[in-house]
Amino acid sequence: MSGLALLDYASVLVFALTGALVASRAQLDLVGFAFIACLTAVGGGTVRDLLLDRHPVFWVDQPAYILIACAAAILVFFTAHLMESRYNWLIWLDSFALSIAAAAGTGAALSLGQSGVIVVLMGVTTGCLGGLMRDVVCNEVPLVLKQGELYVSCAFAGALTAVFATRLGLEILPSLGLCALICWALRAGSLMFGWRLPVYKGRPPRT
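Nothing here was measured: the structure is a model prediction, and the numbers come from that model.

### Topic: the overall build of the chain
Okay, step 1: Counting its secondary structure elements, the chain contains eight helices and zero strands.
Okay, step 2: Beginning at the N terminus, the succession of helices and strands in the chain can be written as α-α-α-α-α-α-α-α.
Okay, step 3: In summary, the chain has a C-alpha radius of gyration of 17 Å against a globular reference of 17 Å for 207 residues, a match within 12%.
Okay, step 4: For the chain, the spread of C-alpha atoms along the three principal axes comes to 60 × 50 × 30 Å.
Okay, step 5: Residue burial in the chain is summarised as follows: out of 207 residues, 48% are buried.
Okay, step 6: Excluding contacts between residues fewer than 6 apart, the proportion of contacts in the chain whose partners are at least 24 apart in sequence is 76%.

Written as structure tokens, this is what we have:
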């Protein structure tokens, strides 16, 4: 199994766990858990593959991805009540999922020889869209749009790091390791220390 495939498997597993945790907060049944877990796990990668014209889409080619997501949903369904704070588990698992998925999307685009702009966009797309779909469907405030926290910018910085690393001659897999590390460090710093970008503040119109 290639390193890029392992990244996809890891991304699917961790994002599926976050989807199941959100399903537990919404008090869904087991089928609802599985649906949200699968949607979260493969949503970003599906959009990535469609945009990159990769056929078949990764989870259609390898249905094991769906089975992994369903297994994660079942696990959380029977263990979520043991967690002291499911939201804390959610945001930290999501930070790992974001980092792994951003690296997976970046690697997929790099392996196809895409330009730097497309590589960065695919890293952001793969990292962010699954979680966005999860939160919107479950009527949660999307983590990707939560004011005062870094999220999309973390995936952007990670993917951009990988692009520059490969341009400097580093192999793809170490470059993707840097992508995941930078992405997670920024996201963790935002959660722990309040790192953020300036936000727009409206001003009264001039008369």
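Okay, back to it.
### Observations regarding helix H5 (residues 86-111)
Okay, step 1: Compared with an ideal rise of 1.5 Å per residue, which puts 26 residues at 38 Å, H5 spans 36 Å between its outermost C-alpha atoms and is within 8% of the ideal.
Okay, step 2: Across the 26 residues that make up H5, a large majority, 19, are buried.
Okay, step 3: Positive phi shows up at Gly 113, right after H5, with a value of about 75°.

### Details of the pattern of salt bridges
Okay, step 1: Counted according to the given criterion, the structure contains seven salt bridges.
Okay, step 2: A salt bridge links Arg 25 to Glu 140; its shortest N-O distance comes to 3.1 Å. Here the residue Arg 25 occupies a position in helix H1 (residues 3-25), and Glu 140 occupies one in the loop between helix H6 (116-137) and helix H7 (152-167), the gap between them amounting to 115 residues.
Okay, step 3: Between Asp 49 and Arg 48 there is a salt bridge, with its nearest N and O atoms 2.9 Å apart.
Okay, step 4: For Arg 48, a relative accessible area of 0% gives the class buried.
Okay, step 5: Taken together, the salt bridges that share partners define one network made up of Asp 8, Arg 48, Asp 49 and Arg 54.

### A look at the packing of H5 against H6
The angle between the axes and the distance between the axes are what describe a pair of packed helices.
Okay, step 1: For the pair H5 and H6, interaxial distance at closest approach is 7 Å and the crossing angle is 145°. Crossing hand, H5 versus H6: right-handed. Two secondary-structure elements touch here, H5 through Leu 90, Asp 94, Leu 98, Ala 101, Ala 102, Gly 105, Thr 106, Ala 109 and Leu 110 and H6 through Ile 118, Val 119, Met 122, Gly 123, Thr 126, Gly 127, Cys 128 and Arg 134.
Okay, step 2: Taken together, the residues of the contact of H5 with H6 sort by class into ten nonpolar, five polar and two charged.

Definitions and limits used
- Residues numbered from 1 in each chain as written.
- Predicted model: local features only at pLDDT ≥ 70, side-chain atom pairs only at ≥ 80, totals over all residues.
- Heavy atoms only, no water.
- Helix = DSSP H or I, 4+ residues; strand = E, 2+ residues; numbered from the N terminus.
- Rg over C-alpha atoms; globule rule 2.2 N^0.38 Å.
- Buried < 20%, exposed > 50% of the residue type's maximum accessible area, 1.4 Å probe, protein only.
- Contact = heavy atoms within 4.5 Å.
- Expected span 1.5 Å × (residues − 1).
- Salt bridge = Lys/Arg side-chain N within 4 Å of Asp/Glu carboxyl O.
- Axes fitted to C-alpha atoms, helices over the stretch in contact; angles between N-to-C directions.
- Left-handed = near helix turned anticlockwise from the far one by under 90°.
- Nonpolar A, V, L, I, M, F, W, Y, C, P; charged D, E, K, R; others polar.

Function cannot be read off these values alone, since they describe shape.
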